[in-house]
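Understanding the architecture of this molecule
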Amino acid sequence: MSTPPDHIAPSWPYCAHGTDAAADPVGCRGSHVPGHTACLAHLSYTDRDAYLVGLAPGADVDHRGTPFTEDLLRQLLRALSDPITRKPQMGTAKFSEARFTGNAEFDKAQFSGNAEFDEAQFTGYAVFHGAQFSGDARFHRAKFSNYAGFRMVQFTGYADFGRAEFHNNAEFDEARFPGNAGFDGAQFSGHIRFGSARFSGHAGFDGAQFSGGAVFGEAQFSGRARFRRARFSGHAGFDEAQFYGDTEFGGAQFSSGAGFGRARFVVASELGPFVCAGVVDLSRAVFEDPVTLEIAARKVLCKRTRWESTATVRLRYATADFEDAVLSAPVAVTAHPTCFTAGDDAVEESSLPHGCDCDGVRVASVQGVDAAHLVLIDTDLTDCLFFGAFHLDQIHLEGHTVFAPTPTGWHRRGIRPTRWTRRRTLAEEHHCRPAITARDDPRQWRPRPHDARGSTPKPQDVAALYRQLRKALEDGKNEPGAADFYYGECEMRRHDDTATPKGERRILWGYWLLSGYGLRASRAFTWLFAAMSLTVLLLMGVGLPTHDPDPATTGTLHGNRISLSTSTPDPAALHGTWSQRMTWARAEKATRAAVNSVIFRSSGQNLTSAGTYIEMVSRLLEPTLIALGALAVRGRIKR
């Protein structure tokens, strides 16, 4: 069994008051007051008064391990106070392992030498507001059971709060850290504030645990900001923070949300990888140098975020919103297929909600974005809003990109059932569909987000979106993928009764009916089969004569001269009932005539006058349907 820390004798001469061989073999751990064998707490009143009277502002003090009451500490600080400024002034101050019962008020104290509070315990308020530490300030493993206040404190040297424990709220607002600051392994059980704090050196929060809210709003990190493996149970706010050095959030965990709104990253080459169970807000943040973001989160907001150089945004699970983002250079947004790694270890993702879809990263909006610099890789654009973006014809869509499908299955449209053709659509078409015709059931289409800006796009607006995205896919040699967008463009033009003339809409309606705008081969060939079947039936009924013509030749002899004449019966003669005309022999002859007239342009059959006109119509219509079917097949296989 290991010896309890309180039962291990300290390295300095200690008081040993209250020693008990069995229960407490060490007793009081307070450092000897110079010239005495007891600590300040157990010194006699006479000796204590004499010691305090002998102190002067700026004197060195050593009260390691001493138990301070609120009154005793007040007497000590009064003895060290400047009579003019009334501020406590100390040289080297040693309070390691000291225990402060009640409030410890060090506000506006000045430490001209090193200040040691390692493993000190503060049971009441610990107030250091406005204090100045000219040397190193050491609070390693210190315990703050109540409020800890370090507002406007100036730490000239190294500020060490490594593995310190803050069991209540702590404030470091407007604190100044000209040197390095170490909070590695610190535990913050309450709310922690570093609002407007200035870190001129490196700031280390590796492995720190924030159980309450953590506020770093308007903080400035001039050196490296390290938050590796830090855990934030409450909301973490870095709004308007400025990072002039590298940022290290590798392996950090945000159980609530992480706010980087209006933050500025000057030379940061990476942000993450980290995990956030809530929303990561990067709205209006600025990235000045090339950067890589690696984030696994439920939602990532990049509204009005500005990238002044190239960037790669690797996401997992997240729904990302890039509304009005400013892209000055190419920015690639990609779905990361496997867990991120920080160093050699995989980043833990257990804090994410179980409802997250690990197979897709969704983009909610690119409205207002210059899409010429945007690259979307393996993203889900089912609910993505494009209306308002510009240069959409230059957007790069790579990998497996998912768009919203049309309603599946059979639906009632008015009084008749209908089945929508399967194709990829834009969210804007879903939003404006119920307004196009009253026969469309709004429940069949994806609803418009309640927080979407602007009014619902009109059909001509959606047609323009389809046209630009179609060009982008065609420029990327993705002709089959562009086919659905051409279909959507024609659909919107056909339903647009404001910008598309009525005659043009009728032509589009016929184009849609016959072949699905030249993209539905099955529809064209179905019409071809129906047309040829009708042609065969008409030829059998009225196009073929009842009997084949039987020419007759007659002649006369006049001396040495013979005169011959041939007479052909009228082929238009029809005899017999319909049952006599609808025979297999006539069906075979009519089929041969229909096929020959369509493919070889001449049937070679004797036809009635009606049959001649039937053949003429067939030679005009049916090759057109063949061409439309071939065009549709080519549109699906063209590379």
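Conventions used here
Residues numbered from 1 in each chain as written. Predicted model: local features only at pLDDT ≥ 70, side-chain atom pairs only at ≥ 80, totals over all residues. Heavy atoms only, no water. Helix = DSSP H or I, 4+ residues; strand = E, 2+ residues; numbered from the N terminus. Buried < 20%, exposed > 50% of the residue type's maximum accessible area, 1.4 Å probe, protein only. 1 Å grid on protein atoms, 1.4 Å probe; cavity = no way out; pocket = protein on both sides within 12 Å on 5 of 7 lines; lining within 4 Å. Points joined across faces, edges and corners; volume = space filled by probe spheres on them. Nonpolar A, V, L, I, M, F, W, Y, C, P; charged D, E, K, R; others polar. Patch = residues over 30% accessible without salt bridge, like charges linked within 9 Å, V, L, I, M, F, W, Y side chains within 5 Å. Areas by Shrake-Rupley, 256 points an atom, 1.4 Å probe, with all protein chains shown as cover. Salt bridge = Lys/Arg side-chain N within 4 Å of Asp/Glu carboxyl O. Phe/Tyr/Trp six-rings, centres within 6.5 Å; stacked < 30°, edge-to-face > 60°. Disulfide = S-S within 2.5 Å. Pairing = 2+ DSSP bridges. Axes fitted to C-alpha atoms, helices over the stretch in contact; angles between N-to-C directions. Parallel < 35°, antiparallel > 145°, perpendicular 65-115°, else oblique. Left-handed = near helix turned anticlockwise from the far one by under 90°. Contact = heavy atoms within 4.5 Å.

A separate point is the overall build of the protein chain. When helices and strands are counted, the protein chain shows 10 helices and 54 strands. Counting only residues that meet the buried cut, the protein chain has 48% of its 639 residues in that class.

In this structure, the second largest pocket occupies an estimated 330 Å³ of space. Residue lining of the second largest pocket: 18 residues in total, with Thr-319, Ala-364, Asp-383, Pro-449 and Asp-451 positioned closest to the centre. Sorting the residues of the lining of the second largest pocket by element identifies strand E37 (291-301), strand E40 (319-321) and strand E45 (361-365) as the ones contributing at least two each. Ranked by residue count, the leading element in the lining of the second largest pocket is E45, at 4 residues. Among the residues making up the lining of the second largest pocket, the classes are represented as 6 nonpolar, 4 polar and 8 charged.

In this section: a nonpolar patch on the surface. On the surface, Phe-525, Val-633 and Ile-637 cluster together into a nonpolar patch covering about 260 Å² of accessible area. Inspection of the secondary structure puts Val-633 in helix H10 (residues 609-637).

Going through the model one piece at a time under the given rule, you end up with 85 aromatic pairs. With a centroid separation of 4.9 Å and an interplanar angle of 5°, the aromatic rings of Phe-161 and Phe-183 are classed as stacked. With Phe-161 in the loop between strand E15 (159-160) and strand E16 (165-166) and Phe-183 in the loop between strand E19 (181-182) and strand E20 (187-188), this residue pair connects regions lying 22 residues apart in the sequence. On the basis of relative accessibility, which here comes to 0%, the residue Phe-183 falls in the buried class. A ring pair is formed by Phe-254 and Phe-274, whose centres lie 5.1 Å apart and whose planes are at 70°; its orientation type is edge-to-face.

Before going further, it helps to spend a moment on the state of the cysteines. Counted under the stated rule, the structure contains 0 disulfides. Cys-15 takes part in no disulfide bond, and the closest cysteine sulfur to it belongs to Cys-39, at a distance of 4.0 Å. No disulfide involves Cys-39; its nearest neighbouring cysteine sulfur is the one of Cys-28, lying 3.6 Å away.

A word on empty space enclosed by the protein. Any space left empty among the atoms is revealed by the rolling of a water-sized probe across them. Overall, the coordinates contain 1 cavity of 30 Å³ or more when judged by the stated rule. The wall of the largest cavity is formed by Gln-367, Leu-385, Phe-387, Glu-428, His-431, Arg-448, Ala-452, Arg-453, Ser-455 and Pro-457. When grouped by side-chain class, the residues that make up the lining of the largest cavity number 4 nonpolar, 3 polar and 3 charged.

Note that side chains of opposite charge can pair when their charged atoms are close. Counted by the stated rule, this structure contains 29 salt bridges. Of the charged contacts in the structure, one is a salt bridge between Asp-173 and Arg-193, with a shortest N-O distance of 3.1 Å. With a gap of 20 residues between them, Asp-173 in the loop between strand E17 (170-171) and strand E18 (176-177) and Arg-193 in strand E21 (residues 192-193) connect regions that are remote in the sequence. With a relative accessible area of 11%, Asp-173 lands in the buried category. With a shortest N-O distance of 2.7 Å, Asp-206 and Arg-228 are connected by a salt bridge. A residue pair is termed long-range when its members are at least 10 positions apart, and Asp-206 in the loop between strand E23 (203-204) and strand E24 (209-210) and Arg-228 in the loop between strand E27 (225-226) and strand E28 (231-232) qualify at 22 residues. Members of the salt-bridge network, linked through shared partners, are Asp-184, Asp-206, Arg-224, Arg-226, Arg-228 and Glu-248.

Once that is clear, we can look at the pairing of E37. Burial runs high along E37: 8 of the 11 residues are buried. Where strand E35 (residues 270-281) meets E37, 8 bridges bridge the pair, whose relative direction is parallel. Residue Glu-270 lies in a different strand from E37, and its bridge partner there is Thr-292. Where E37 lies against strand E39 (residues 311-316), 6 bridges are found, and the strand directions are parallel. Across the sheet, Ala-296 pairs through a bridge with Arg-316, a residue of E39. Inspection of the sheet shows E37 paired to E40 by 3 bridges, in the parallel sense. By the bridge assignment for E40, Lys-299 is matched with Thr-319.

Here E39 pairs with strand E42 (residues 331-335) via 5 bridges, running parallel. Looking at the pairing, Arg-314 lines up with Thr-334 of E42.

With that out of the way, let us pick up the packing of helix H4 (residues 459-475) against helix H5 (residues 479-495). Each packed pair of helices is defined by two parameters, the angle between the axes and the distance between the axes. Taken N-terminus to C-terminus, the directions of H4 and H5 make an angle of 165°; their axes are 8 Å apart at the nearest point. With respect to their mutual orientation, H4 and H5 come out roughly antiparallel. Taken as a pair, H4 and H5 cross one another with a handedness that is left-handed. Of the residues in H5, those touching H4 at Pro-459, Val-462, Ala-463, Tyr-466, Arg-467, Leu-469, Arg-470, Leu-473 and Glu-474 are Glu-479, Gly-481, Ala-482, Phe-485, Tyr-486, Gly-488, Glu-489, Met-492, Arg-493 and His-495. When its residues are assigned to classes, the contact of H4 with H5 shows 10 nonpolar, 3 polar and 6 charged.

Below, the discussion takes up unusual backbone geometry. Note: most residues except glycine have negative phi, and most peptide bonds are trans. Residues Gly-272 and Pro-273 are joined by a peptide bond in cis, for which omega reads 5°. Structurally, the position occupied by Pro-273 is in strand E35. The phi angle at Glu-97 is positive, at roughly 65°, despite the residue not being glycine. With respect to the helices and strands, the residue Glu-97 is situated in the loop between strand E3 (89-94) and strand E4 (99-100). Located in the positive-phi region is His-391, a residue other than glycine, with phi close to 60°. Considering the arrangement of structural elements, one finds His-391 in the loop between strand E47 (379-380) and strand E48 (396-398).

Distances and angles like these do not, on their own, reveal function.
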